[in-house]
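So the chains spell out like this:
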Amino acid sequence: YDASLVLYVPVWKRDGVVFPSDDAYGRLATVTGALWTPSGRSFDGIDDYITTPDASGLDGMSQLTLEAWVKVTSSGARGVLGKHWSGTDGCYFLVFPNATTLQFTTINSTPTRVDYSVSHTTPHTAFHHIVGVYNGSTMTLYDNCVPFASPASQSGTIQNNTRGLAIGATDTTGTQPFAGLIGEVRIYSRALTASEVQRNYQLTKWRYR
C-alpha cells in the first residue's frame with residue numbers, strides 16, 4: 001500500500017450500505033441512497049451521498065491530490081467530493097458548480113480559500129477522469145490526464161477541521177448533490193506528478209469506456 005493514498009474508495013466494487021475503503025487505513029464509508037451499478041454508484045442529484053468520518057490523515061496536508069472517475073447526467077451544482085462546510089470553514093472540494101465549469105477548491109490554515117475554476121462542458125454520455133493537484137504552491141486540474149492551462153496560486157498546509165468527508169457532495173450534509181455515476185475516488189497526501197496522473201488514468205480507464 002502507498003501510505004500517501006489516504007483514501008481509496010472503489011465504489012463500483014462495493015454493494016453494501018457500509019463498507020471499508022481499500023487503502024491502508026480501512027476507513028468506513030456509509031452510503032445514503034446512492035445505488036450500486038457495475039460502473040459505480042448512481043447518485044440522484046437530490047439527496048444521495050457517501051460519507052467517511054473525520055480522520056487526521058484527511059486534512060492538514062502540505063500537498064494534496066483529489067481524483068475521481070465521474071459521469072454527470074444532469075447539469076447544475078454537482079459536488080464530486082469534499083471535506084467542507086461553507087466559506088472558509090473547510091479543507092477542500094471538487095465540484096461542477098454549473099454546466100460549463102469544473103472547480104477545485106483548497107483552504108489553507110490562514111484560512112485562505114482559493115477557487116480554481118476552468119471551463120469544462122461535460123458530455124452526459126461519457127465518463128471523465130478528474131484530478132485536482134495541490135503541490136504546496138500551485139493548484140492544477142486534469143481532465144482525462146490532460147492538464148488545464150494557468151494553474152492557480154495557493155500556499156501553506158490544508159486547514160484541519162472536524163467534519164467528515166463526502167463523496168457525491170461537497171460536505172456531509174449533501175450540499176451540491178451529484179447527479180450521475182461516480183466510479184472511484186482517491187485522495188493522496190502528496191501531489192501526484194503528471195506521469196502518475198496518466199498512470200492512474202491508463203490503469204483504470206478500461207472500466208469506464
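Residues numbered from 1 in each chain as written. Predicted model: local features only at pLDDT ≥ 70, side-chain atom pairs only at ≥ 80, totals over all residues. Heavy atoms only, no water.

Caption draft 1: Spotlight on the overall build of the protein chain. In terms of helices and strands, the protein chain carries 1 helix and 17 strands. Compactness check: the protein chain gives a C-alpha radius of gyration of 15 Å against a globular reference of 17 Å for 209 residues, within 12% of the reference. Each of the three principal axes of the protein chain carries a C-alpha extent, and together these read 40 × 35 × 30 Å. Out of the 209 residues in the protein chain, the part that is buried amounts to 55%. (Helix = DSSP H or I, 4+ residues; strand = E, 2+ residues; numbered from the N terminus. Rg over C-alpha atoms; globule rule 2.2 N^0.38 Å. Buried < 20%, exposed > 50% of the residue type's maximum accessible area, 1.4 Å probe, protein only.)

Caption draft 2: Geometry of helix α1 (residues 194–204). Residues of α1 that are buried: Glu196, Val197, Asn200, Tyr201 and Thr204. Angularly, the buried residues of α1 cover 140 degrees about the axis, an arc narrow enough to put them on a single face. Among the exposed residues of α1, those pointing more than 90 degrees away from its buried face are Ser195 and Leu203. Packing partners of the buried residues in α1 comprise β7 (64–72), β12 (128–134), β13 (138–143) and β17 (179–188). (Arc of directions from axis to C-beta. Contact = heavy atoms within 4.5 Å.)

Caption draft 3: Fine view of the side chain of Lys83. With respect to the helices, strands and loops of the structure, Lys83 is situated in strand β8 (residues 78–86). Here the side chain of Lys83 touches Asp59 through a polar contact of 2.8 Å, side chain to side chain. Beyond its immediate chain neighbours, meaning those up to four positions away, Lys83 contacts Asp54, Leu58, Asp59, Gly90, Cys91, Tyr92, Asn161, Arg163, Gly164, Leu165 and Thr170. (Polar contact = N/O pair within 3.5 Å; in protein donor to acceptor, adjacent residues only side chain to side chain.)

Caption draft 4: A look at empty space enclosed by the protein. This model, assessed by the stated rule, comprises 1 cavity of 30 Å³ or more. Taken together, Val72, Ser75, Gly76, Arg78, Phe96, Asn98, Ala99, Thr122 and His124 form the lining of the largest cavity. Counted by class, the lining of the largest cavity contains 3 nonpolar, 5 polar and 1 charged residues. (1 Å grid on protein atoms, 1.4 Å probe; cavity = no way out; pocket = protein on both sides within 12 Å on 5 of 7 lines; lining within 4 Å. Points joined across faces, edges and corners; volume = space filled by probe spheres on them. Nonpolar A, V, L, I, M, F, W, Y, C, P; charged D, E, K, R; others polar.)

Caption draft 5: Focus on the packing of aromatic side chains. By the definition in use, this model includes 4 aromatic pairs. With a centroid separation of 4.8 Å and an interplanar angle of 25 degrees, the aromatic rings of Trp69 and Tyr208 are classed as stacked. Remark: Tyr208 occurs in the segment after α1 and Trp69 occurs in strand β7; sequence separation between them is 139 residues. Residue Trp69 is classed as buried on the basis of its relative accessible area, which comes to 3%. Since its relative accessible area comes to 5%, Tyr208 is described here as buried. Ring geometry for Phe127 and Tyr208: centres 4.9 Å apart, planes at 50 degrees, overall tilted. Of this pair, Phe127 sits in the loop between β11 (113–119) and β12 while Tyr208 sits in the segment after α1; the two residues are 81 residues apart in sequence, bridging distant segments of the chain. Each residue in the set Trp69, Phe127, Tyr201 and Tyr208 is aromatic and connected to the rest through ring pairs, giving one cluster. The aromatic ring of Tyr8 is capped on one face by Arg186, whose charged end is 4.2 Å from the ring centroid. In this structure, Arg207 is placed above the aromatic ring of Trp12, and the distance from its NZ or CZ to the ring centre is 3.3 Å. (Phe/Tyr/Trp six-rings, centres within 6.5 Å; stacked < 30°, edge-to-face > 60°. Lys NZ or Arg CZ within 6 Å of the ring centre and 35° of its normal.)

Caption draft 6: How the structure looks around the nonpolar core. Judged by nonpolar contacts, the single largest core of 42 residues is most densely connected at Leu64, Tyr92 and Ile187. The dominant element in this core, judged by the number of residues it contributes, is β7, at 5 residues. Filtering out sequence-adjacent residues up to four positions away, Ile187 remains in contact with Ser4, Leu5, Val6, Leu7, Met61, Leu64, Thr65, Leu66, Leu81, Tyr92 and Leu165. Trp12, Trp69, Val133 and Leu181 belong to the second largest nonpolar core, which has 16 residues in total. (Core = buried A, V, L, I, M, F, W, Y, C linked by side-chain atoms within 4.5 Å.)

Caption draft 7: Representation of the sheet that holds strand β3 (residues 28–32) within the structure. With antiparallel pairing, the 8 strands of this open sheet are ordered in space as β2-β3-β6-β16-β8-β9-β10-β11. Of all strands in the sheet, those with a lone pairing partner are β2 (18–20) and β11, marking the two edges. Strand-to-strand, the axes of this sheet are offset by a mean angle of 20 degrees, without reference to chain direction. (Pairing = 2+ DSSP bridges. Axes fitted to C-alpha atoms, helices over the stretch in contact; angles between N-to-C directions.)

Caption draft 8: Broad picture of the pairing of strand β6 (residues 49–52). Taking every second residue as pointing to the same face, both faces of β6 are buried, with Tyr49 and Thr51 on one and Ile50 and Thr52 on the other. In this structure, β3 lies alongside β6, joined through 3 bridges in antiparallel fashion. Paired with Thr30 across the bridge in β6 is Thr51. Judged from the 3 bridges that link them, β6 and strand β16 (residues 165–167) form a sheet pairing that is antiparallel. By the bridge assignment, Ile50 is partnered in β16 with Ile167.

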